[in-house]
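Secondary and tertiary structure notes
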Amino acid sequence: MTVPQSRRQLLTGWGRTAPSSADVVHAVHPTVVDQAMTGATAGTGRGLVARGLGRSYGDAAQNAGGTVVDMTWLDGIHEVDLDRGLVRVGGGVSLQTLMERFVPLGWFVPVTPGTRLVTVGGAIAADIHGKNHHLDGSFCSHVTRMTLVTPTGAFDLTPASDPDLFWATAGGMGLTGVVTEATVQMIPVETSYLLVDTERARDLDDVMDRMLTGDAGYHYSVAWIDCQATGSRLGRSVLTRGDHARLDQLPARLRTAPDRARAFVPRTLATVPLTPPSGLLNPLTVGAFNEFWFRKAPKRQLAKPHHMTSFFHPLDGVARWNRLYGARGFLQYQFVVADHQSETVRRVIEQLAEIKLASFLAVLKRFGPGDPGPLSFPMPGWTLALDLPVGHPGLDGLLDRLDEQVLAAGGRVYLAKDSRLAPATFAAMYPRLDAWRSVRDRVDPDGVLRSDLGRRLGLSPDASPPTQRRTSKATTSGKATTSGKATGSGKAAGSGKAATPRKAAASGKATASGKPAASGSGTPKAAEPGRAARRSAPATPTTPTTPTPPTDRTIP
C-alpha cells in the first residue's frame, strides 16, 4: 500500500481558536485521497477529514492527532457546458475561481456565502447558504452530481441515485466522505453588477416588517444590525436588497464597455499585517463604528449599481481580517428560528446589549425551505449571525442561555460556524441525527472519518464524553492538541505566534491566510487537468515531533 507523504501542522478555524496538530496530506491527485483513505482505514490512528480553504469558524476541518487531507490542489475544471451552465470541477476549486472564470462568460455561482474563499467540497460539506436562500435554497440544491470517496469505496452520487447518502453528505461536515468532484448548475447573468436598493430601518420591528413584506421581490436580501443600539433604537439596521443587473440597466460608461461590465477581478484593498492586542474591538470602538456605518448608509437609495465583490464579499477585500479580534480570536454564533419565533431574535440582541458584548458583524437574513439533509442548517424563518470576540467574562454564560432559547424555539445552530456547542444540545437541535448516523455507518462502519468537531459533538467513535462542552475559555486555554489531549507543547492561536505555513507563492495556491491566487478569467477548455496533472508529487517533508506554537501564519 502506498502511503501518501504528510507533514505535521497546527491548524485552526477562521476564528483562530482551539488549534490542534494533524498530519496534513496534499491531495495533488485524486489517487492521493484514495491512498489516504485506505491508510486511515487500515491503520489504528485517529482517522481522516478533508480540508479546503479553512473558512469554517471552528474545529470542523481539524483532526487532532489524525490525518487532514488538503483538497485545494484538486482544483481542475474538467468539463463545461456553457449552453446549460453546468460545470464539473474538482472538489478543491474555490467559488472565487468559478466567479473569475465564468462571470465573464455569463454564469454565476448559484449560492455564495459572505466569502468567496470556499471550496466546492467545503460548500457541499456545510451546505452553504447566501443572501438568496429565501428564493434559491442552499448550495446542494444546485449540485447535480458528486464523487464521494468513503472508507468503503467511491460513490458517483446524484440526488436520485442514492438520496440518503447524497443528502447526508449535504451539511454532513465531511464526515460521510471526501468530495473529489462535483457538477454544479450555475445561474445566468449578463454582467458582474447588481442593482441594489439600500434603506435604513429605525429598529428591529421596522427591518423585519420590510423583509417580510418585500424580500420576495428581490433575488438577494441582507440586513446589517447594530447590536450596540438600545431602547427605541434596538436593532436599527441597514437593509440592502438587489438583483443581477442587465447590461442595458447599467450606466453608459459600463454599457459601452461590455467586457468591463462583465469583468470579475477581485482585489485586496488592505491587509491586516499584525495581530493587535485583544480588546481592540470593544463596546467603545464597535459602537463608534456602528454609528458611522448607520449614518453613512443612505436613508433610501434605489437601483444603485454594486459590483459583485462589494455586495457579496466586502470582507474579502481585507486580507486576514480575522486578526482584528486579537490574540484570543473570536467565534461566530449563527442560529435559525421559525417565523413565529421572531422574538428570539429580539431577545438575543437585547442580551448582547445588556452585557455590553461588542459584535462587530451582525447579519440578519430570511430562509426559505431547507434541503432534505439531516444536518443541513437552513429552515424557513429568521437567521442571525454574530461575530463575538473571545475573552468577555460573560460570554460563556450568554452562549449557554442562547442555546437554551434557540432550542426552546425549535431552532438550531450552524455547524460550520460552531466551536462550542454541547453534544446533547446539538442532538436536540438536529432531531434527524439518527438517520444521518445510519447512513454514515453504512459507508464508514469503522468510524474512519473523524474531526475535532465530530469528537466534540459525539459524531466520531472516539468522541468526548457527552457531558463535556467546550467553552469559549477552553478554546483559548493556551494548549494545542495532538491526540485529543492537551500537550502543553503548543500555545493556542491566541498567543499571536505562528506555525510555518506550506509554501504557496510558487504553487499559486492558497496562502495561510486563506487568500487564493487568481486563476484567470479566460475562456475555459472543455477539460482542464488542474494542478494534479501539472505538478509532480512534493518532496518528502520534515515532520516536527511536537507542534509549533501557532502564529499568524498558522493555517488559516
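What you are looking at is a predicted structure, and each value in this text was computed from that prediction instead of being measured. In this convention, every chain numbers its residues from 1, walking through the sequence in written order. Residues qualify for local features only when their pLDDT is at least 70, as the model is predicted, and side-chain atom pairs are given and counted only at 80 or more; totals for whole chains, interfaces and linings, by contrast, use all residues. The basis for the side-chain values is all heavy atoms of the structure; hydrogens and waters are excluded.

1. A closer look at helix α6 (residues 204–214)
Burial classes: relative accessible area under 20% of the type maximum marks a residue as buried, over 50% as exposed, and values in between as partly exposed (1.4 Å probe, protein chains only). In this text, helices come from DSSP runs of H or I with a minimum length of four residues, and strands from runs of E with a minimum of two, each type numbered from the N-terminal end. Within the span of α6, buried status applies to L204, D206, V207, M208, M211 and G214. In this description, contact between two residues means that some pair of their heavy atoms is separated by no more than 4.5 Å. Here the buried face of α6 lies against β12 (193–201), β13 (220–225), β14 (237–244), α11 (342–354), β19 (362–367) and β20 (381–389). Looking at where α6 begins, the residue whose side-chain oxygen comes 3.3 Å from the main-chain nitrogen of D205 is D203. Here a polar contact is recorded for every N or O atom pair within 3.5 Å, except that within protein the pair must consist of a potential hydrogen donor and a potential acceptor, and residues adjacent in sequence are included only if both atoms are side-chain atoms.

2. Brief notes about the environment of A422
Secondary-structure assignment places A422 in the loop between β21 (412–413) and α13 (423–429). With 34 residues separating them in the primary sequence, A422 and R456 have C-alpha atoms 7.6 Å apart.

3. Some points on the packing of aromatic side chains
Geometry of aromatic contacts follows a simple scheme: Phe, Tyr and Trp rings, the Trp one being its six-membered ring, pair when their centres are within 6.5 Å, and the pair is stacked under 30 degrees between planes, edge-to-face over 60, tilted otherwise. Under the criterion given, the structure shown has 13 aromatic pairs. When the ring of Y220 is compared with that of F311, the centres are 6.2 Å apart and the planes differ by 70°; the resulting orientation is edge-to-face. With Y220 in strand β13 and F311 in helix α10 (residues 308–312), this residue pair connects regions lying 91 residues apart in the sequence. The same class applies to Y220 and to F311, which are both buried. With centroids separated by 5.4 Å and ring planes inclined at 45°, the aromatic side chains of F426 and Y430 adopt a geometry described as tilted. By the burial criterion, F426 is buried, and Y430 matches it. Clustering of aromatic rings is evident, with ring pairs tying together W14, Y57, W321, Y325 and F330. Two thresholds decide whether a charge sits over a ring: the Lys NZ or Arg CZ must be within 6 Å of the ring centre and within 35 degrees of the ring normal. In this structure, R200 is placed above the aromatic ring of F294, and the distance from its NZ or CZ to the ring centre is 5.2 Å.

4. Thoughts on the sheet that holds strand β16 (residues 300–307)
Here the rule is simple: two strands pair whenever DSSP picks up at least two bridges between them. With respect to topology, eight strands assemble into an open sheet ordered β16-β12-β14-β13-β19-β20-β18-β21, the strand pairing being antiparallel. Unpaired on one side and paired on the other, β16 and β21 mark the two borders of the sheet. When β19 meets β20, the two strands line up antiparallel, connected through six bridges. Looking at β20, one finds that A362 is bridged to L386. Docked against the sheet, α11 engages β13, β18 (330–337), β19 and β20, running at close to 15° with respect to β20. Against the sheet, helix α12 (residues 395–408) makes contact with β18, β20 and β21, and its axis sits at roughly 15° relative to β18, the strand it touches most. Angles shown run from 0 to 180 degrees and are taken between the N-to-C directions of axes, each axis being a line fitted to C-alpha atoms and, for helices, limited to the stretch in contact.

5. Focus: unusual backbone geometry
The backbone of R16 sits at a positive phi, close to 60°, despite the residue not being glycine. When you line up the elements, R16 lands in the loop between β1 (7–11) and β2 (20–26). On the basis of relative accessible area, R16 is assigned to the buried category, the value being 5%.

6. Quick notes on the side chain of D226
Within the secondary structure, D226 sits in the loop between β13 and β14. Of the polar contacts made by the side chain of D226, one reaches the backbone nitrogen of Q228; its length is 3.0 Å. There is a polar contact of 2.8 Å between the side chain of D226 and the side chain of R236. Setting aside anything within four residues of it in sequence, one finds D226 in contact with G235, R236 and N290.

7. As for the packing of α6 against α11
It is the contact of α6 with α11, at a shortest axis distance of 11 Å, that shows an interaxial angle of 145°. Handedness of the crossing formed by α6 with α11: right-handed. Residues L204, D205 and M208 of α6 touch α11, and the partners they reach there are S342, V345, R346 and I349. When its residues are assigned to classes, the contact of α6 with α11 shows four nonpolar, one polar and two charged. What makes a crossing left-handed is the near helix being turned counterclockwise from the far one by less than a right angle; a clockwise turn instead makes it right-handed. For this classification, the nonpolar set comprises Ala, Val, Leu, Ile, Met, Phe, Trp, Tyr, Cys and Pro, the charged set comprises Asp, Glu, Lys and Arg, and every other residue, Gly included, is treated as polar.

8. A word on the pairing of β18
Most of β18 is tucked away, with eight of its eight residues classed as buried. Neither face of β18 is left uncovered, since the one carrying F330, Q332, Q334 and V336 and the one carrying L331, Y333, F335 and V337 both have all their residues buried. Summarising the sheet, β18 and β20 pair through eight bridges and their orientation is antiparallel. Opposite Y333, over in β20, you have L386 as the bridge partner. As judged from the two bridges shared by β18 and β21, these two strands associate in the antiparallel manner. Note on β21: the bridge partner recorded for V336 is R412.

9. A word on the packing of α11 against α12
Two numbers describe how α11 lies on α12: the axes approach to 11 Å, and their chain directions differ by 170°. Between α11 and α12, the angle is such that the two are roughly antiparallel. Within the contact between the two elements, α11 uses T344, R347, V348, Q351 and L352 and α12 uses L398, R401, L402, Q405 and V406. Residues of the contact of α11 with α12, tallied by class, amount to five nonpolar, three polar and two charged. For this classification, under 35 degrees means roughly parallel, over 145 means roughly antiparallel, 65 to 115 means roughly perpendicular, and everything else is oblique.

10. A few points about the sheet that holds strand β6 (residues 86–90)
The strand order across the open sheet built from five strands is β5-β6-β10-β8-β9, with neighbouring strands paired in antiparallel fashion. Because the sheet does not close on itself, it has two edges, and the strands there are β5 (77–81) and β9 (153–157). Pairwise comparison of adjacent strand axes, ignoring direction, gives a mean angle of 5° for this sheet. Where strand β8 (residues 143–150) lies against β9, five bridges are found, and the strand directions are antiparallel. Among the inter-strand pairings, M146 is bridged to a residue of β9, identified as L157. The sheet strands contacting helix α2 (residues 95–102) are β5 and β6, and the helix crosses β5 at an angle near 45°.

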